[in-house]
Amino acid sequence: MNWLTPLDKRRDSLRKYIDEMLGDDFLKLPAKDFFPETRMRTDIRETDKEYILEAELPGFKKEEIKINIKENYLIISAEKKEEVEEKTEDFIRRERSYGSLRRSFYLENIREGEIKAKFDNGILTVVLPKSDEIKKEEKIIDIE
């Protein structure tokens, strides 16, 4: 009596389904591919005249990033919404994803009117010229 045959058939069917949906290499992917970094990695440098902030935002588009200043805080936020729908003979796949990141940095001596921001290849660079004045108004910064 071969009692494992129905189980083997189910296992093979499941494996085929997973391969069709996710590809043959699905189980070989590292865990980081399933749980991406949820922090915005940021480097800040200081010169005599300015602060230079570089934030990693891979996978985001310029339009999905917002920078503003409020009450001496520089606030960087990025938000992504995606929806994928795929249909074949045997199945329908519909996936939705949402992700957002936000960081804030306390500032005191910045010339807000001269702040420049640039986004290139997943790296947001914000140049913050130094000043002796302290201001507490909100300002939105355009990204080039």
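Since this is a predicted model, take the numbers as computed values, not measurements. Residue indices follow the written sequence of each chain, beginning from 1 at its first position. It should be noted that, the model being predicted, local features are given only for residues of pLDDT at least 70 and side-chain atom pairs only at 80 or more, the latter also being counted only at that level, while totals for whole chains, interfaces and linings use all residues. Excluded from the side-chain calculations are hydrogens and water; all other atoms, namely the structure's heavy atoms, are used.

## Description of the nonpolar core
(1) Moving on: Grouping buried Ala, Val, Leu, Ile, Met, Phe, Trp, Tyr and Cys residues that are joined through side-chain atoms within 4.5 Å yields what is termed a nonpolar core. Here the term buried applies to any residue with accessible area under 20% of the maximum for its type, exposed to any over 50%, and partly exposed to those in between, with areas from a 1.4 Å probe on protein chains only. Ranked by size, the top nonpolar core spans 23 residues in total, and within it L57, I65, I67, L74, I76, L124 and V126 carry the most contacts.
(2) Moving on: Discounting chain neighbours no more than four positions away, the residues touching I76 are M40, L53, I65, K66, I67, L101, R102, R103, F105 and L124. The criterion used for residue contact is that any of the two residues' heavy atoms lie within 4.5 Å.

## Some remarks on unusual backbone geometry
(1) Moving on: Of note, the phi angle at E71 is positive, near 50 degrees, even though the residue is not glycine.
(2) Moving on: Put simply, DSSP marks the helices as runs of H or I at least four residues long and the strands as runs of E at least two long, and each gets a number from the N terminus on. Tracing the backbone shows E71 in the loop between β3 (65-70) and β4 (73-87).
(3) Moving on: With a phi angle near 50 degrees, N121 is a residue other than glycine that sits in the positive phi range.
(4) Moving on: Considering the arrangement of structural elements, one finds N121 in the loop between β6 (116-120) and β7 (123-129).
(5) Moving on: The exposed category is assigned to N121, whose relative accessible area is 74%.

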